Structure formats: structure tokens, C-alpha cells
Amino acid sequence: SHIQATREFFVLAGLNTIYDTAIEVELQKQIAQNPQLKPFAETMRQFFRKYASWAAIESDVAAIYMSNFTEPEIRQLNAFAQTSAGRKLFRNLDRFTQGGGLPSESELQRIFTPVEQKQLLTFTRMALFQKLIERTPVMAEQGAAIGKRKVEQHQPELEEMIRRRAQQLQQQNGN
């Protein structure tokens, strides 16, 4: 049930979307820096979906979360993530973890309604909030390292996929 609660947290917090968006942003950045990769963008996207997407690393990330949070703590996170303040917090989690806590009062007022501010204040007074804020950057690094390791393990496959795509493009241009 710990794994089930952890996976529920991932859905509630939108971690799949956050992670897959980060992968796409990184791919776009690589293509912008190396325009010669543009014809291979879809090939690379397929490769990353297979080996570095959220679906590919979710079980590994779940293990990280379960080693950092007990099942009751995950269930508390789930309960908070179901509130409107929780949804907004997790959508903006990078703003909170980078500064080691809450953003300025003006930013809080901009992001959260008065009711949500009260929900957030209650949550921030819990030891679990501090634990979440402290551990999220390290867990994010661990998740990224897992994705990177999977990509590196399958690098020859990517190279072969690109080689085949290059041959297809040459044949199309030769016709």
C-alpha cells in the first residue's frame, strides 16, 4: 500500500507532467544548440519516451520517495495535494524548494487565495513540509540521474536509431 500511496501522490502532484515536460524542454534545448539534430528530433523523442520518460523511471522514483517518506507521510502529502492550495503548491514546487521555504508574502498573495493561504500555512507548520522542502531537490537530482543512467545504458540504440533515420533521409533526398 506504500507504493500505491506513492503513485497516487505522483498523480496528485503532477510529477509525470513536470518530468516529461522537463525532458521535452531539454530536448528542445539540445536541438537549438545543435541545429543539425533537427531532422532527428522525433527519433530522439521516441528514444527518450522509451528510456527516460516518467513511465520509464516511475518505479525507480517511487523507491526514492518510499525511502524518504513513510506511508503515513505520503498519505498526508496526498491529503494536502487534494486541496486547492496543495495543487498550486505542487504545480509551483520549484519556487518553494529553490528558496528553502515559502516565497515572499506578495508572491503568496498572487498565487494563493486567502483560503488557500490558510491551508498552506497549516501545512507549512507541519514537520512534513520542512522534510519535503529539504528532500525534494536531492530526490529530483536522483530522479534525473536515473534517467541519465538509462539513456547512457542505451546510447548505442539511440546512435543506431539516428543512423537509420539518416539513411532514410538520404534515400528520400536521393529520390
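All residue numbers refer to positions counted from 1 along the written sequence of the respective chain. Restriction of local features to residues with pLDDT of at least 70 applies here, the model being predicted, together with a cutoff of 80 or more for giving and counting side-chain atom pairs; totals for whole chains, interfaces and linings are based on all residues. Hydrogens and water are ignored here; the side-chain numbers use all heavy atoms of the structure.

Participant: Tell me about the nonpolar core, and please be specific about residues and values.
Facilitator: Judged by nonpolar contacts, the single largest core of 31 residues is most densely connected at F9, F10, Y65, F69, L77, F90 and F123. When checking whether two residues touch, look at their non-hydrogen atoms; a contact exists if any pair is within 4.5 Å. If we ignore the near neighbours within four places in the chain, the residues touching F10 are L15, N16, W54, E58, V61, A62 and Y65. To define a nonpolar core, start from buried Ala, Val, Leu, Ile, Met, Phe, Trp, Tyr and Cys residues and group those joined through side-chain atoms within 4.5 Å. Each residue's exposure class comes from its accessible area (1.4 Å probe, protein chains only) as a fraction of the maximum for that residue type: buried when under 20%, exposed when over 50%, partly exposed otherwise. Membership of the second largest hydrophobic core comes to 14 residues, among which are F47, V151, L158 and L169.

Participant: Could you give an account of the pattern of salt bridges, naming the residues involved and the relevant values?
Facilitator: When a carboxyl oxygen of Asp or Glu lies within 4 Å of a side-chain nitrogen of Lys or Arg, that pair is called a salt bridge. In this structure the tally under the stated criterion is 12 salt bridges. Between E157 and K50 there is a salt bridge, with the nearest N and O atoms lying 3.2 Å from each other. Of this pair, E157 sits in helix α11 (residues 155-174) while K50 sits in helix α3 (residues 41-51), and the two are 107 residues apart along the sequence. In this description a helix means any DSSP run of H or I spanning at least four residues, a strand means any run of E spanning at least two, and both kinds are numbered starting from the N terminus.

Participant: Would you mind going over the confidence of the model for the chain in detail, with residue names and values included?
Facilitator: Confidence in the prediction for the chain averages 89 pLDDT; 93% of positions are at 70 or higher. Here helix α7 (residues 93-98) stands out as the least confident element of the chain, with mean pLDDT 63; helix α5 (residues 71-81) is the most confident, with 96. The predictor's confidence in any single residue is recorded as pLDDT, a number from 0 to 100.

Participant: So what about the environment of M126? Which residues, and what values?
Facilitator: Among the secondary structure elements, M126 is positioned in the loop between α9 (114-124) and α10 (127-153). For M126, a relative accessible area of 28% translates into the label partly exposed. Note: C-alpha distance between M126 and N16 (110 residues apart in sequence) is 26 Å.

Participant: Mind laying out α9, listing which residues take part and the relevant values?
Facilitator: Among the residues of α9, E116, L120, F123 and T124 are the ones counted as buried. On an axial view of α9, the arc spanned by its buried residues comes to 95°, and they lie on one face. When the buried face of α9 is taken as reference, the exposed residues oriented beyond 90 degrees from it are P114, V115, K118 and T122. Packed against the buried residues of α9 are α5, α6 (84-91), α8 (105-111) and α10. The arc in question is formed by the directions pointing from the helix axis toward the C-beta atoms.

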